[in-house]
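# Remarks on the overall topology
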Amino acid sequence: MIARLALIVLLAALSGCMIWDTGPDIPFLLDRPTPPQRLNARSPWYDLDGQRVELLANYCGWDTLRQQRIAHLPINEKVRQMIWGADELIVASFFLFDNLYADEPVGGWSDYSDELADLLIAKKADRPSLTIVLILDLFHKGWGHRHSAVVDRLRKAGVDVFYSDLLETRPAQRLGIWEGLHRAGRQADLASDGLLALPWNLVGRTPIPGLILDKDMVTVSAIANAALFKANHRKALVVKRRGIYEALTTSWNPHNPSLLHENHAISVTGPLACYMYLQLREDVSHSLSLGRDYASLATHTSADRRDHYLQRQLPPLPDSAWRVEPIHHEDTKETKTHENDFLSPFRASSSPSCLRGAVNAQACVATEEAIEPILMRWLSEVEADDQVRIQMFYLSRVPVVSAILDAARRTKQPIRILLDPNRVGINYSKDATPNAQVAAYLLQRAAEENARLEIRWYATHGEQNHAKAITITNPNTGKYLLSLGSANWTRKNLAGINMENNIFIRNAPQLNGQFNTLFDRQWFNTDPGIEYSVAWDDPRYNYHHHKSLDCWAVPRYSHFQPLYDDHGRPQLLEQELVHW
């Protein structure tokens, strides 16, 4: 009997169903620049004066008269422009690229994934010396040995494809048993010079009867890798044209089922783009060190040494390319706005404007655990007259939820949060977790604490409000803060479990103005006959209906008594091993 109970406990622990960490869900608070490293990187603040900067958004609305969707997709066109304009280098890292779970384009729109693959293939044929590198999550291999038709075409055309290793990121379980098992297997493989990998590969390729993933049989290795419950969730593109690097940071995936989602993107040239290139280069270097399972080279043998490949295909840059002394003027209140220097909100263009009119506009990029410290600092410094707008796909990170409530107690204007209802997945329906529960919690606590906070839902019709963005705006004090990127505000995205990348921009009033214009258009539904958002308790949608609070977080206890913080809020631990 004891042995059976021990086995049950072990299986529960391996599946991550047990919460071992009884302490608070404390965020990673270290905020300092790092060199361009593979994980947990944070660039310096770079001056954007004279650099090309463009802010774009894909979004949909519902035409209530015609009962049809209207869509604006400028990010798609911007990516095409960047790829076609490149003449030396293209490096991209995307969570979703090919047509997983989608045989046909969505909503009658074009087959974007195949079109983008065609463009990359044509570009390589037109300029064979051009280096094209694609970094993907293991999900594209079905976590095992799936063959992607799009990836196979790209490799045959000369595109090198890499898959990111995730063993070095924080475990999704609070006790990282699965990571320990994977590392032990990797060390045994290295110690035996690959001999122990042979039987494991045979076992790993064994299909599991009855389990199908996108028409492919699920194998043992797929289950083992999927059990890590993490991903390379980054969305980044770096190109080099005429000696100039340009980088795109976004929440968007070049993936047909994701085509109509609401997303944001920022492109920028200069040292920030160089920093992003070098960081992606580090991820490629790590994948090369792990062999053919992580590096699928189109034109080079697997015996090609890593340093030779990197030197030839992804050459290093001098430190001066990214180690620029930032100009700090954080106390400066004076701002200039030259609206004519910017395009109309979110319009794609082949000649984006420059930030010549912005005083001390600066940007930095952060990944993994380096994202949350900047975000938490911004929220902690919200002042009475600040206007805070948040647009989010998943919101459940406990420290961030508390920081939003604290900020809402200080502001004179309500903090406005535009959430996805979490009812639509890729070819499946979801149960509204976590946003419905978190929204109810926020509104309940706001009423009890006299905090100013409003929540609306993005009205979805098959698409998602896939944004992960915030602006903090105060024209009176000259505060203009903007952040967007791949990271949802969840433990999985902010606590260093997934690989993520976000951009932070300050002192750029034009960018804040462009984002705020579209946000307010969606919040107030100002386009005649077009519905973008609905009230939190709109009975037509019932987005606010949800399961219990336990679906997104569990309360902490001491001696069977619930614990509370100084504000009387229950101390919570966000659930682990969740799909968000």
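Each remark here, short or long, concerns the structure printed above.
Notes on the structure follow. (Residues numbered from 1 in each chain as written. Predicted model: local features only at pLDDT ≥ 70, side-chain atom pairs only at ≥ 80, totals over all residues. Heavy atoms only, no water.)

### Digging into the overall build of the chain
When you go through the chain residue by residue, the secondary structure sums to 14 helices and 25 strands. Out of the 580 residues in the chain, the part that is buried amounts to 57%. In the chain, 78% of the contacts between residues at least 6 apart in sequence involve partners at least 24 apart. Approximately 23900 Å² of the chain is accessible, and the part contributed by carbon and sulfur atoms is 54%. (Helix = DSSP H or I, 4+ residues; strand = E, 2+ residues; numbered from the N terminus. Buried < 20%, exposed > 50% of the residue type's maximum accessible area, 1.4 Å probe, protein only. Contact = heavy atoms within 4.5 Å. Areas by Shrake-Rupley, 256 points an atom, 1.4 Å probe, with all protein chains shown as cover.)

### A few points about the packing of aromatic side chains
On inspection of all chains with the given rule, the structure shows 15 aromatic pairs. Seen in terms of ring centroids, Phe94 and Trp252 are 5.8 Å apart; in terms of plane orientation they differ by 85 degrees. Their pairing is edge-to-face. With Phe94 in strand β4 (residues 89-94) and Trp252 in the loop between β10 (244-250) and β11 (263-269), this residue pair connects regions lying 158 residues apart in the sequence. Residue Phe94 is classed as buried on the basis of its relative accessible area, which comes to 2%. Between Phe519 and Trp523 the ring centres are 5.7 Å apart and the planes differ by 15 degrees, which places this aromatic pair in the stacked class. In this pair, Phe519 and Trp523 both sit in helix α14 (residues 509-524), four residues apart, roughly one turn of the helix. This pair shows no difference in class: Phe519 is buried, exactly as Trp523 is. Feature note: the residues Phe94, Tyr112 and Trp252 constitute an aromatic cluster, connected by ring pairs. A cation over a ring is seen here: Arg456 above Trp523, with NZ or CZ 6.0 Å from the ring centre. The lysine or arginine in question, Arg506, covers the ring of Trp45, its NZ or CZ lying 3.9 Å from the ring centre. (Phe/Tyr/Trp six-rings, centres within 6.5 Å; stacked < 30°, edge-to-face > 60°. Lys NZ or Arg CZ within 6 Å of the ring centre and 35° of its normal.)

### Re the sheet that holds strand β17 (residues 468-474)
Whether parallel or antiparallel, the strands of a sheet pair through hydrogen bonds between backbone atoms. Strand order in the open sheet formed by nine strands is β1-β13-β19-β18-β17-β14-β15-β16-β21, and the pairing between neighbours is mixed. Either end of the sheet is taken by a strand with one partner, and the two such strands are β1 (46-47) and β21 (533-535). Sheet topology note: the strand β15 (residues 415-419)/strand β16 (residues 453-458) ladder contains five bridges and is parallel. Within β16, the position partnered with Arg416 by the bridge is Glu454. (Pairing = 2+ DSSP bridges.)

### Focus: unusual backbone geometry
Put simply, Thr433 and Pro434 share a cis peptide bond, and its omega is 5 degrees. Along the chain, Pro434 turns up in the loop between β15 and α12 (435-449). Positioned with a positive phi, Phe229 is a non-glycine residue whose angle comes to about 55 degrees. Mapped onto the fold, Phe229 is located in the loop between α7 (220-226) and β9 (235-241). With phi around 60 degrees, Asn450 is a residue other than glycine that occupies positive phi space. Tracing the backbone shows Asn450 in the loop between α12 and β16.

### Quick look at the environment of Val578
Counting through the fold element by element, Val578 comes out in the segment after β25 (572-574). Taking C-alpha positions, Val578 is 9.8 Å from Arg491, a pair spaced 87 residues apart along the chain.

### Here's the deal with the pattern of salt bridges
What the rule picks out here adds up to 32 salt bridges. Of the charged contacts in the structure, one is a salt bridge between Arg569 and Asp406, with a shortest N-O distance of 2.7 Å. With a gap of 163 residues between them, Arg569 in the loop between β24 (561-562) and β25 and Asp406 in helix α11 (residues 398-410) connect regions that are remote in the sequence. Owing to a relative accessible area of 1%, Arg569 belongs among the buried residues under this scheme. With a relative accessible area of 24%, Asp406 lands in the partly exposed category. The shortest N-O distance in the salt bridge between Asp538 and Arg540 comes to 2.8 Å. (Salt bridge = Lys/Arg side-chain N within 4 Å of Asp/Glu carboxyl O.)

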